[in-house]
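Each chain, letter by letter, is given below.
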Amino acid sequence: MKGVPGEIYFECPDCDDTTLHDVLKGKMGKSSMDATIKCQDCGLIRTTTVQFPKQIEVKVIVSDGSESSVTMIMLEDDDLLKVGDEFHMDAGNLVRISALELPGDKRVKTARATEISAIWAIEFDMIDVKVSINDDRKTYSKTVTSSPDDEFTVGNILSFDDMDCTIHSIKIQGRMIRRGSAEARNITRVYGKYRKRSYAILDLEDGV
């Protein structure tokens, strides 16, 4: 049986919020704890029964490019999941939820852990950010492989093997930004203006 925790997050009636509580004393049951707790925000002390969520096993299908793998993760029965959520698998790799499947092959954007038959996710340790570069005549499509935390900033220069560009706008979640920065995880596409490279002119006759 688990020991009595020193602190727990619990609803406080005086704060009207879920706050961190000190557990002054407690007795553990199978799925609950009878305890005397003290709110760290307002100092309210009371005796109550704390119900602990149950652990359930849920299937996760993780896609990495053209390859997929199936594994299981443990969730708490009151967990609320939604498309776009990120979490680390037991192996430590970061994934992002792309779909939530319910019984009957129904897919939804939000669901409780108890409702879900499978979580569809993609590897998210490194992601490809799409870049469109325009030179007033043609638009070139490029990609930048980045960490989800990497920031792209309007006005910065991106360098590729065959060209450079200056970022003039960034599309994120249905809107366009034309100043400031955005994390790679939130970017739909980066737009850049072709930037001519400067090359040193070599004098082939020099020294001859």
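Located above this text is the structure these notes cover.
Residues numbered from 1 in each chain as written. Predicted model: local features only at pLDDT ≥ 70, side-chain atom pairs only at ≥ 80, totals over all residues. Heavy atoms only, no water.

Undergrad: With reference to specific residues and values, describe the overall build of the chain.
TA: A tally of helices and strands in the chain yields zero helices and 20 strands. In terms of overall dimensions, the chain is more spread out than a globule: its C-alpha atoms have a radius of gyration of 26 Å, far above the 17 Å expected for 208 residues. Taking the principal axes of its C-alpha atoms as reference, the chain extends roughly 90 × 45 × 40 Å. Taken over 208 residues, the chain has a buried fraction of 33%. Taking all contacts inside the chain whose residues are at least 6 apart in sequence as the whole, residues at least 24 apart take part in 41%. (Helix = DSSP H or I, 4+ residues; strand = E, 2+ residues; numbered from the N terminus. Rg over C-alpha atoms; globule rule 2.2 N^0.38 Å. Buried < 20%, exposed > 50% of the residue type's maximum accessible area, 1.4 Å probe, protein only. Contact = heavy atoms within 4.5 Å.)

Undergrad: Can you break down the pairing of strand E20 (residues 187-195) residue by residue, with the values?
TA: Here four bridges tie strand E13 (residues 127-134) to E20, and the two strands are oriented parallel to one another. Opposite Val131, over in E20, you have Val190 as the bridge partner. When strand E17 (residues 164-172) meets E20, the two strands line up antiparallel, connected through eight bridges. Paired with Lys171 across the strands is Arg189, a residue of E20. (Pairing = 2+ DSSP bridges.)

Undergrad: Give me the lowdown on the pattern of salt bridges, citing residues and values where you can.
TA: Two side chains bearing opposite charge may form a pair once their charged atoms approach each other closely. All told, the structure shown has eight salt bridges when counted by the stated rule. Residues Arg137 and Asp135 are paired through a salt bridge, measuring 3.8 Å at the closest nitrogen-oxygen approach. For Arg137, a relative accessible area of 76% translates into the label exposed. Judged by relative accessible area, which is 15%, Asp135 ranks as buried. The closest approach of N and O atoms between Lys142 and Asp162, which form a salt bridge, is 3.0 Å. Of this pair, Lys142 sits in strand E14 (residues 139-146) while Asp162 sits in the loop between strand E16 (157-159) and E17, and the two are 20 residues apart along the sequence. (Salt bridge = Lys/Arg side-chain N within 4 Å of Asp/Glu carboxyl O.)

Undergrad: Residue-level account of the nonpolar core, with values.
TA: Grouped together as the largest cluster of nonpolar side chains are 20 residues, with contacts concentrated most on Val131, Phe152, Leu158, Phe160, Ile170, Ile187 and Val190. For this core, the secondary structure elements donating two or more residues are E13, E17 and E20. Every residue in contact with Ile187, bar those within four places of it in the chain, is listed here: Val129, Phe152, Ile170, Lys171, Ile172 and Ala182. Within the second largest apolar cluster, 18 residues are counted, among which are Val58, Val60, Leu100 and Ala111. (Core = buried A, V, L, I, M, F, W, Y, C linked by side-chain atoms within 4.5 Å.)

Undergrad: Residue-level account of the sheet that holds strand E1 (residues 7-12), with values.
TA: If you walk across this open sheet you meet the four strands as E1-E2-E3-E4, and the pairing is antiparallel. Looking at the sheet topology across the chains shown, the edges are occupied by E1 and strand E4 (45-51). Ignoring which end each strand starts from, the neighbouring axes of this sheet average 50° apart. (Axes fitted to C-alpha atoms, helices over the stretch in contact; angles between N-to-C directions.)

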